[in-house]
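Per-entry structural report
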Amino acid sequence: MTDSNSEKRGTRWDGYSNYEKVSDRYARAVDDALNAWAWIDAAHAEDAQIRPEDAAEARSLIKAAAFRLIPEMEYDKEDVDLYGEILDRWLGEDGFIERFESVSLTTSSPGWMHEFMLDIRRAGWEIGYLKAGRTQKEEPEDKVEAETSAMFT
């Protein structure tokens, strides 16, 4: 962001990440992807006709969620084993992303999509976007932490 005097003093950048807004966007993307796949899968189970426009929208939602999560998992894969496992399934040879690019959602709902969608959900949850604001500390506060907290309440 530049201020009104940026030409005189140079460019000034102010920035921060509003975690709540980012979390909401990711959570919505994951939910939209899951709902899109559930609709496609249910339509196939009922032998319903799937319009190309609906399949394209579902593909877009699923792809957007996956590609939002990939950089997050790549960044922390050394610290979180689950991310490496998911990335191997998604990006490895004949991985879910490669398969997804070639599947026609108007004609099929392949079984591996179930695991792909669970991975999207797992990654979103593990990264924290789906549980933001919903978790509580698992460990009790230590004595020093409790005393410090008490000073500010």
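A quick note: this is a predicted structure, and the numbers were derived from the prediction, not measured. (Residues numbered from 1 in each chain as written. Predicted model: local features only at pLDDT ≥ 70, side-chain atom pairs only at ≥ 80, totals over all residues. Heavy atoms only, no water.)

Scanning all chains against the criterion turns up 6 salt bridges. Linking Lys63 and Glu101 is a salt bridge whose minimum nitrogen-to-oxygen distance equals 3.1 Å. Here Lys63 is found in helix H3 (residues 52–76), whereas its partner Glu101 is found in helix H5 (residues 96–102), with 38 residues between them in sequence. One salt bridge connects Arg122 with Asp119, and the closest N-O pair in it is separated by 3.0 Å. Taken together, the positions of Arg122 and Asp119, both in helix H6 (residues 112–127) and 3 residues apart, correspond to about one turn of that helix. (Salt bridge = Lys/Arg side-chain N within 4 Å of Asp/Glu carboxyl O. Helix = DSSP H or I, 4+ residues; strand = E, 2+ residues; numbered from the N terminus.)

Right, let's talk about the nonpolar core for a bit. In terms of nonpolar packing, the biggest core is built from 35 residues, with Ile62, Leu69, Met73, Trp90, Phe116, Met117 and Ile120 touching the most fellow members. For this core, the secondary-structure elements that each account for two or more residues are helix H2 (19–45), H3, helix H4 (81–91), H5 and H6. Tallying contributions element by element places H2 first for this core, with 10 residues. If near-sequence neighbours (up to four positions away) are discounted, Trp90 is found in contact with Ala66, Leu69, Ile70, Met73, Gly95, Phe96, Ile97, Glu98, Phe116, Asp119 and Ile120. (Core = buried A, V, L, I, M, F, W, Y, C linked by side-chain atoms within 4.5 Å. Buried < 20%, exposed > 50% of the residue type's maximum accessible area, 1.4 Å probe, protein only. Contact = heavy atoms within 4.5 Å.)

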